[in-house]
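Below are the chains, spelled out letter by letter.
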Amino acid sequence: MTTPAALIRPEILALTAYHVPPAAGMIKLDAMENPFVLPESLRAELAAQLAQVDINRYPDPSGEAVKAALRTAMAVPEELELLLGNGSDELIQLIALALAKPGAKILAFEPSFVMYRMIATMLGVEYVGVPLGPDFALDRAAALAAIAEHRPALVFVSYPNNPTGNLFPAADVDALIRATPGLVVIDEAYSAFAEDSFLPRVAHYPNAVVMRTLSKLGLAGLRLGYLVGRREWLGEFDKLRLPYNINVLSNAAACFALRHIGLFDAQTAELRAEREALFAALQAMDGVKAYPSQANFVLVRLADADRVFTDLKAMGILVKRLHGGHPALSGCLRLTVGTPEENNAMLAALAASLAKSA
Ligand code: PMP
């Protein structure tokens, strides 16, 4: 009898589908979303705009209006092109698909964003995970040695890194780009919360592109990622993009949101300040090691992360358990920065959980 197991590649049979735990009614600090909802006046304006959208028609295939709005809002260098993805996840897939020649390798640092490895696996491309050093610092010598040994076609650098929150030194990333025979994708999903970005200088590199997303800015539900780079790269990736990957409602809502970018900038500024307050509070707690972050989350290490996770959940607070993933993350939880009230509730619940074991 014909079975999936007989026909599907073993590495796909071994995968588990991306799982998101139910979060209804909970304080949701697990997915790096912006916790602020749109103000009522803007909701009404957005609804009016969406009511004008002709959903009987296919979208503009290349999303020119969104690209023009992004160009202005994000100060995209004039000489560079943009490519839109259904979330930056889709862009990772497109880039990997384009570079997946037989024998090609994809390299990333570990622990980092799990989709780099997952997409390599899905495409049957060899993946090289280069371990980060103590406290998740980029080990420049090890990175350069791995690049020299494996000569990867594609390197992903999460800048800042998820789930550790740190921003690798720009000089080290520069050295990696120069040493890599392939393409380097600087994944700036968290750039709104970070002190540095490669966007203003990426045009200087023949082999680097910057990837970003509107998700962490407050628009996770729209699913809109964008890639910025030279035409010779983006033109090739564009050939692999499925037609109409950004639907008409996301197109219209993204244009609307980008016209109100000041609101999202103000929210991200508030979240950066909240992150510092949260980090300071976590650092002051006995039994918690907090890692400095340039993103909208803080990674912590605890003696009994599983129990704390379960206690928080019982108290209505959902965070991300990383325990059980990469060995360097044993005992780690990732706490998304929420509103001040949500962060205070989380800190109180954490203190209560830790007090039980003291
Ligand atoms: N890159 C990194 C480093 C991320 O953490 C995420 C989301 N967790 C993404 C890309 C994907 O984001 P999205 O698909 O929502 O654009």
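Under an unreviewed UniProt entry, the protein has the name Histidinol-phosphate aminotransferase and belongs to Chitinimonas lacunae. UniProt, in its Catalytic activity (unreviewed entry) section for the protein, records the words "L-histidinol phosphate + 2-oxoglutarate = 3-(imidazol-4-yl)-2-oxopropyl phosphate + L-glutamate". According to UniProt, the comment filed for the protein under the heading Sequence similarities (unreviewed entry) is "Belongs to the class-II pyridoxal-phosphate-dependent aminotransferase family. Histidinol-phosphate aminotransferase subfamily."

Scanning the protein for helices and strands turns up 13 helices and 12 strands. Radius of gyration (C-alpha) of the protein: 21 Å, near the 21 Å computed for a compact globule of 358 residues. Its C-alpha atoms give the protein principal-axis dimensions of about 60 × 55 × 55 Å.

It is worth spelling out the packing of helix 7 (residues 140–150) against helix 8 (residues 170–179) at this point. Two numbers describe a pair of packed helices, the interaxial angle and the distance between the axes. At a minimum axis distance of 10 Å, the contact between helix 7 and helix 8 shows a crossing angle of 10°. One way to sum up the angle between helix 7 and helix 8 is to call them roughly parallel. Contacts from Arg-140, Ala-143, Leu-144 and Ile-147 in helix 7 reach Asp-172, Ala-175, Leu-176 and Ala-179 in helix 8. Class assignment of the residues belonging to the contact of helix 7 with helix 8 gives a composition of six nonpolar, no polar and two charged.

The subject of this paragraph is unusual backbone geometry. A cis geometry characterises the amide bond from Glu-110 onward to Pro-111, with omega recorded as 0°. Within the element layout of this structure, Pro-111 appears in the loop between strand 3 (105–110) and helix 6 (114–123). Here the residue pair Asn-162 and Pro-163 is connected by a cis peptide bond, since its omega of 10° sits within 30 degrees of zero. Mapping Pro-163 onto the fold places it in the loop between strand 5 (154–158) and helix 8. Residues other than glycine seldom take positive phi values, yet Tyr-244 does so here, at roughly 60°. You can see Tyr-244 is positioned in the loop between helix 9 (231–240) and helix 10 (248–259).

The rules behind these values
- Residues numbered from 1 in each chain as written.
- Predicted model: local features only at pLDDT ≥ 70, side-chain atom pairs only at ≥ 80, totals over all residues.
- UniProt positions renumbered as here; feature names shortened; annotations may be inferred.
- Helix = DSSP H or I, 4+ residues; strand = E, 2+ residues; numbered from the N terminus.
- Rg over C-alpha atoms; globule rule 2.2 N^0.38 Å.
- Axes fitted to C-alpha atoms, helices over the stretch in contact; angles between N-to-C directions.
- Parallel < 35°, antiparallel > 145°, perpendicular 65-115°, else oblique.
- Contact = placed C-beta atoms within 7 Å.
- Nonpolar A, V, L, I, M, F, W, Y, C, P; charged D, E, K, R; others polar.

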